[in-house]
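Reading the structure
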Amino acid sequence: TVAAFDSFRFVIKGSLAGTAVYVAYDQGLLGSGTQGAEALKKAQAALPPAIQEWTSYIGWELPPTPKFDFSPSDSWNKGVQTVMSALSVAPTRACEYTVEGWRYVKDLVK
């Protein structure tokens, strides 16, 4: 009976994980950055009314949700620009650090 219970738990967990992956794919969360941003906007529009309805049904009162102005695609682009900027100056910085290192070694040897 323990093995049957463990296999039943495995089937339940597997089906929940599969459903979560399917929903994420269906809503466009696994697509491009633009599709992800659109899916996030849809979720931000749909979640607060659904949560409000659920909490009023149960009788709870939640504080108002904060408003975020966050764009995943803009954040991604800013990150890519920062990395590319760092990579473009890397050879110059490496030369500068090498010269400073040699000067430090020469000063120690004197």
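Treat the numbers as computed from the prediction; the structure is a model and nothing was measured. (Residues numbered from 1 in each chain as written. Predicted model: local features only at pLDDT ≥ 70, side-chain atom pairs only at ≥ 80, totals over all residues. Heavy atoms only, no water.)

Attention now goes to the overall build of the protein. Along its length, the protein carries 3 helices and 0 strands. When its helices and strands are written in sequence order, the protein yields α-α-α. In the protein, which comprises 110 residues, the share counted as buried stands at 5%. As presented, the protein carries roughly 10000 Å² of accessible surface, and 66% of it is formed by carbon and sulfur atoms. (Helix = DSSP H or I, 4+ residues; strand = E, 2+ residues; numbered from the N terminus. Buried < 20%, exposed > 50% of the residue type's maximum accessible area, 1.4 Å probe, protein only. Areas by Shrake-Rupley, 256 points an atom, 1.4 Å probe, with all protein chains shown as cover.)

Attention now moves to the pattern of salt bridges. Considering all chains together, one arrives at 1 salt bridge under this definition. A salt bridge links E96 to R93; the shortest N-O distance between them is 3.5 Å. Of this pair, E96 and R93 both sit in helix 3 (residues 72–109), 3 residues apart, which is roughly one turn of the helix. (Salt bridge = Lys/Arg side-chain N within 4 Å of Asp/Glu carboxyl O.)

Take a nonpolar patch on the surface next. A grouping of W102, Y104, V105, L108 and V109 is seen on the molecular surface, where their side chains present a nonpolar patch of about 600 Å² in accessible area. Residue placement: V105 occurs in helix 3. When its relative accessible area of 39% is taken as the criterion, V105 is described as partly exposed. (Patch = residues over 30% accessible without salt bridge, like charges linked within 9 Å, V, L, I, M, F, W, Y side chains within 5 Å.)

Here the focus is helix 1 (residues 2–26). Under the 1.5 Å per step criterion, the end-to-end length of helix 1 is 36 Å for 25 residues, consistent within 8% with the ideal 36 Å. Positioned one or two residues after helix 1, G28 has a phi angle of 90°, which is positive. (Expected span 1.5 Å × (residues − 1).)

Keep in mind these numbers describe shape, not what the thing actually does.
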